[in-house]
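# Notes for the structure review
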Amino acid sequence: MMMSQPNSGLFSLFGFFPADPGQHSEHRPARFKTNPSLCVSVLFKVGPAVLTAFRIHLHPDENNGNGVSLSEMAILPGHTETDKLQTNRDTVFFRDGVRRIDFVLSYVDDKDGEKKQERRKEFEANLEKAGLELETEDKSESKDQKTYFLKIHAPWDVLATYAEVLKIKVPFKESDIPHSQDAPLEWLSHPLRLPEHIMRPQPDYFTYPFDKKKTDFFLISDKDTFFPPSTRSRIVFYILARCPYYNEGRKDREKTGIKRLLSNGTYAAAFPLHDCRYWKRARNAECESERYNLYKNWARFLCFYKEQPLNLIRKYYGEKIGIYFAWLGFYTEMLFFAALMGVICFAYGLLSYDDNVSSKEICDANIGGSIIMCPLCDKKCPFWKLNSTCLSSWQSHLFDNEGTVFFAIFMGIWVTLFLEFWKRRQARLEYEWDLVDFEEEQLQLQIRPEFEIQCTNRRLNKITQEMEPYLPVTSKCARFCLSAATVIFWISLIVACIIGVIAYRLAVYAAFASIIKDPMRKIQLVGRFITPQLATSVTASCINFVIIMILNFFYERVAIWITDMEIPKTHLEYENKLTVKMFLFQFVNYYSSCFYVAFFKGKFVGHPGAYTYMFGNWSTLRNEECDPGGCLIELTTQLVIVMTGKQMCGNIQEALLPVMRNWWSGRKGRHHPENHYSRWEQDHVLQNFSQLGLFYEYLEMVVQFGFITLFVASFPLAPLLALFNNILEIRVDAWKFTTQFRRPVASKARNIGAWLEILNAVAVLSVVTNAFIMAFTSDMIPRMVYLYAYSEGSNMRGYVNNSLSVYNISRIPLRSMPEEHDYWFDNSTTTCRYRDYRYPPGHEREYTHTMHFWHILAAKMAFIIIMEHVVFMVKFFVAWLIPDVPSDVKARIKRERYLVQEHLHNYEVERLKMQLSASFVTEPRSETSSTME
């Protein structure tokens with residue numbers, strides 16, 4: 001039923017709805033948006049009767065219409081009737097609809113309410129003295145009826161003052177330097193591109209540090225929007241971090257900063273607001289809806305093939321988060337080339353499958369089937385025929401072939417190219433994001449609240465001439481020693497676990513060997529595909545992965561505890577110390593098992609009659625031997641299980657845990673209507689993005705970088721797996737930042753920090769490890785020595801027989817003799833073979849190493865030296881050849897500095913002329929007036 005329109009002429013005067021009742025309702029929204037604050041103020045003056053009439057008119061289509069609902073109108077404080085009329089609380093403005101909310105603090109009343117209330121009172125009073133404007137939302141307005149929200153707005157004078165303090169660069173002239181020209185085949189990348197307004201959300205400007213005295217020098221069209229929301233929240237957080245919560249007459253000057261108040265529970269949370277819901281644009285045209293654009297064009301997995309909107313990420317989240325995604329994206333791009341070469345190397349192994357003479361000889365019933373091998377363990381392991389390892393020899397060839405050497409050298413060069421090109425990309429970003437002259441923020445060097453609380457000693461700061469807390473040298477040394485002892489203990493615990501896994505491999509191998517290879521058991525079909533070595537390696541790798549994850553879970557907490565115990569003075573020092581501890585532990589935890597298989601397994605075995613045991617001759621755990629095809633396939637198995645397992649667990653954890661936490665916290669998401677769920681409440685239930693949030697993201701990627709570089713010679717497909725993981729990782733991280741986390745405070749960073757040095761160290765170590773893998777783990781060098789020095793006709797025929805030594809069965813000790821060896825071979829068989837280069841029985845130097853062994857050892861050492869020197873020479877040459885800063889960036893930096901000086905000079909000259917002209921006009925007038933008198 002249609003309602004009558006009382007006082008329609010009055011409402012038409014102020015643009016609420018047309019005076020003519022016959023006009024369509026869809027015309028109302030546009031007219032309402034013309035001057036909402038004026039409309040509301042007049043309504044309050046008119047009185048409750050008009051309000052009631054207006055409410056009756058708007059109510060029928062407030063949910064279905066496309067116009068602006070009453071909640072978007074300015075609601076003045078003190079009018080309780082209008083609070084009930086507010087229908088849209090999803091806004092980033094104060095109740096007046098003009099002042100933007102730059103930060104939000106939340107708190108609840110509890111048992112210790114009076115003490116905390118006093119702190120809040122003093123803190124908020126000091127905030128107002130600092131120039132900030134506050135507005136409180138009572139707990140009765142929140143959904144849980146418990147939480148208060150304090151909204152903070154920074155007016156222009158405050159922003160201008162602290163922008164000058166923080167030396168924030170702002171635009172003074174639009175850039176006249178053209179963008180790079182499109183390449184000839186640039187059209188091929190069009191499907192990968194995003195719209196221009198997403199990639200470049202704002203024009204390019206020449207910038208200069210803000211100066212409050214020279215506001216007319218800068219391009220200020222609107223003071224309310226001159227500083228973007230990320231900069232506004234950064235300035236407000238700078239004030240919050242330094243604002244005290246004590247009376248002026250008191251001496252408790254260490255009671256300073258929002259972090260102290262958060263740690264003692266005075267406030268529950270402190271965060272800037274997202275500008276809108278991620279799945280829906282903001283209804284207020286003054287809101288940028290950047291969160292929506294990020295979700296639509298970046299955070300959805302369907303955008304995995306698109307480029308990242310780095311400028312929009314930087315504008316919304318700040319440079320520190322922007323540089324992380326820039327690095328991750330660049331790393332993923334470079335992985336494409338490594339993955340391509342890895343696939344080519346693997347394809348070569350497949351295509352050369354039929355040319356593998358060694359595997360053919362092993363599988364040949366007349367060759368491999370006639371060779372009786374010595375037992376691989378004591379008692380439980382029988383004698384066995386060489387052709388039983390036919391399948392594993394073919395599998396080894398896929399990764400252990402001539403192409404692997406080329407790929408190992410390529411990866412050594414790829415690492416250098418990746419790091420050098422990243423430095424260039426980083427330099428370009430530094431210029432584009434105004435970080436060229438950036439110095440570490442004062443906020444990063446701020447003393448940690450924990451340092452102030454725990455350090456009761458005071459001393460005079462020679463620079464500030466103020467008393468400050470400090471940690472005595474004796475206490476610092478004691479804490480460092482305890483921290484070092486804890487780290488050593490946990491690393492020793494990892495080594496002990498690895499030794500336990502090795503003991504498991506030795507003990508279980510005998511069981512697998514007796515079950516799988518026993519001809520009396522009816523599992524020969526399975527035994528063709530699963531060798532004792534493979535079964536042992538797979539199960540041990542799975543157990544090792546579980547141990548890694550358990551130790552990692554506990555050590556993360558231990559590392560944070562011991563870092564807190566050291567009481568680092570600044571946040572930067574805290575992060576660096578935690579980085580060293582965590583990466584050192586992760587390095588040992590994740591890579592130690594791979595190092596064992598690569599460099600220790602099968603290297604200290606001995607020979608029949610003189611085997612080496614793990615804990616000495618008194619133990620029964622005989623050291624492991626490698627498969628006749630080599631240990632490389634076992635290293636591949638270990639690497640695949642640990643690397644893929646970690647990546648899968650990490651992605652599941654990152655994708656599912658945030659959703660579960662937000663669901664548990666009562667977040668309703670899209671089911672909450674806008675008129676009941678305010679913007680600050682929506683963000684309050686999201687996860688807090690901690691200061692160490694990016695630390696764990698970098699750590700995950702650096703550990704992965706170690707897998708694809710340190711042991712890549714054993715598994716050329718590792719870069720391909722990393723590429724697929726990173727494509728998913730970018731979108732998962734983007735989804736988390738956009739939908740699951742509160743908006744973090746924007747912070748600056750020129751580079752990826754200490755992680756670049758860690759990557760450089762891993763890159764250098766990778767050259768050494770891959771050279772040793774190719775020399776000692778792979779079977780490539782023995783094959784090459786045989787081919788060029790010992791073969792007849794320069795082919796690989798006879799290599800298998802040449803690589804196996806002979807031992808007299810009658811001389812095998814009883815402790816090593818199989819329990820049921822009579823089932824395996826005819827009594828006329830008197831010798832067995834084993835993998836080594838030793839003289840046969842009856843020789844004057846029987847069972848000692850032959851000259852062939854020393855030739856191979858010399859070739860291995862020569863290969864290591866040559867490969868390392870070649871790769872290092874290429875690395876240093878490439879690093880010297882590629883400048884860290886591109887030439888066009890250098891030219892742009894120089895031009896910008898020149899233009900800054902030129903414009904400043906012209907500005908000062910014009911300013912001086914105006915002052916002179918003003919003084920010239922004033923002086924004659926004063927003279928004329930005196931003459932007339």
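Residues take numbers from 1 onward in each chain, read along the sequence in its written order. With the structure being a predicted model, the display of local features is reserved for residues of pLDDT at least 70 and the display and counting of side-chain atom pairs for 80 or more, all residues being used for whole-chain, interface and lining totals. Think of the side-chain values as coming from all heavy atoms in the structure, minus any hydrogens and water.

A few words on the nonpolar core. Definition used in this section: a nonpolar core is a set of buried Ala, Val, Leu, Ile, Met, Phe, Trp, Tyr and Cys residues joined via side-chain atoms within 4.5 Å. Per-residue accessibility, obtained with a 1.4 Å probe over protein chains only, is compared with the maximum for each type, and a residue is labelled buried under 20%, exposed over 50%, and partly exposed between these values. Membership of the largest hydrophobic core comes to 131 residues, with the highest contact counts inside it found for Trp327, Tyr331, Trp414 and Phe418. Segments assigned H or I by DSSP are reported as helices when at least four residues long, segments assigned E as strands when at least two residues long, and all are numbered from the N terminus. Top contributing element to this core by residue count: helix α14 (residues 319-351), with 16 residues. It only takes one pair of heavy atoms within 4.5 Å for two residues to be counted as in contact. Contact partners of Tyr331, with chain neighbours within four places excluded, come to Trp414, Phe418, Met701, Gln704, Phe705, Ile708 and Asn726. Counting residues in hydrophobic clusters, the runner-up holds 47 residues, among them Leu159, Leu166, Cys243 and Ile258.

This part takes up the environment of Val415. Here Val415 lies in helix α17 (residues 402-432). Judged by relative accessible area, Val415 falls into the buried class, the value being 1%. Spatially, the C-alpha atom of Val415 lies 9.0 Å from that of Ser766, the residues being 351 residues apart in sequence. Excluding residues within four positions of it along the chain, Val415 makes contact with Phe705, Thr709, Ala763 and Ser766.

Taken together, Leu192, Phe301, Phe304, Tyr305 and Leu728 make up a surface patch of nonpolar side chains, about 450 Å² in accessible area. Within the secondary structure layout, Leu728 lies in helix α26 (residues 718-740). For Leu728, a relative accessible area of 31% gives the class partly exposed. Patches in this entry comprise residues that are over 30% relatively accessible and not in a salt bridge; like charges within 9 Å are linked, as are nonpolar side chains (Val, Leu, Ile, Met, Phe, Trp, Tyr) within 5 Å. All accessible areas in this document rest on Shrake-Rupley with a 1.4 Å probe, and a residue is counted as covered only by the protein chains that are shown. Basic side-chain nitrogens of Lys or Arg form a salt bridge, by our definition, when they fall within 4 Å of a carboxyl oxygen of Asp or Glu.

UniProt positions are given in the numbering used here, feature names are shortened, and annotations may be inferred rather than shown by experiment. Taking the numbering used here, the UniProt-annotated feature "transmembrane region" (unreviewed entry) corresponds to residues 324-351, 403-422, 488-513, 534-555, 702-724, 752-776 and 861-882. Regarding residues 403-422, the helix share stands at 100% and the strand share at 0%, and the terminal C-alpha atoms are separated by 28 Å.

A word on the packing of α14 against α26. Between α14 and α26, the least distance of the axes is 7 Å, while the angle of their chain directions is 160°. Between α14 and α26, the interaxial angle falls into the category roughly antiparallel. The interaxial crossing formed by α14 with α26 has left-handed handedness. Note on element contacts: α26 touches α14 through Pro719, Leu720, Ala722, Leu723, Asn726, Ile727, Glu729, Ile730, Asp733, Ala734 and Phe737, opposite Ile321, Tyr324, Phe325, Leu328, Gly329, Tyr331, Thr332, Leu335, Phe336, Ala338, Ala339 and Val343. Following the grouping adopted for this structure description, the nonpolar residues are Ala, Val, Leu, Ile, Met, Phe, Trp, Tyr, Cys and Pro, the charged ones are Asp, Glu, Lys and Arg, and the polar ones are all others, Gly among them. When the residues that make up the contact of α14 with α26 are grouped by side-chain class, the tally is 18 nonpolar, three polar and two charged. Here, axes are lines fitted to C-alpha atoms. For helices the fit covers the stretch in contact, and angles between N-to-C directions go from 0 to 180 degrees. Note on terminology: angles under 35 degrees are roughly parallel, angles over 145 are roughly antiparallel, angles of 65 to 115 are roughly perpendicular, and the others are oblique. Note on convention: the crossing is left-handed when the near helix lies turned anticlockwise from the far helix by less than a right angle, right-handed when the turn is clockwise.

Moving on, we get to α17. A helix's residues, less one, multiplied by 1.5 Å, set its expected span. Counted at 1.5 Å a residue, the expected span for α17 with its 31 residues is 45 Å, and the 45 Å between its end C-alpha atoms agrees. Between the side-chain oxygen at the start of α17 and the backbone nitrogen of Gly403 there is a gap of 2.9 Å, and the oxygen is on Asn401. Throughout this description, a polar contact denotes any pair of N or O atoms lying within 3.5 Å of each other; where both atoms belong to protein, one of them has to be capable of donating a hydrogen while the other can accept it, and for residues adjacent in sequence the pair is counted only when both atoms sit in side chains.

With that settled, consider the state of the cysteines. For the purposes of this analysis, a disulfide is any pair of cysteine sulfur atoms at a distance within 2.5 Å. On inspection of all chains with the given rule, the structure shows two disulfides. There is a disulfide in this structure between Cys363 and Cys390, and the S-S distance comes to 1.8 Å. Residues Cys363 and Cys390 are joined through a disulfide that is right-handed, its torsion about the S-S bond being 100°. Placement of the pair is Cys363 in helix α15 (residues 357-363) and Cys390 in helix α16 (residues 390-399), with a sequence separation of 27 residues. Relative accessible area serves as the criterion here: at 24%, Cys363 is assigned to the partly exposed category. A sulfur-sulfur distance of 1.9 Å marks the disulfide that ties Cys374 to Cys832.

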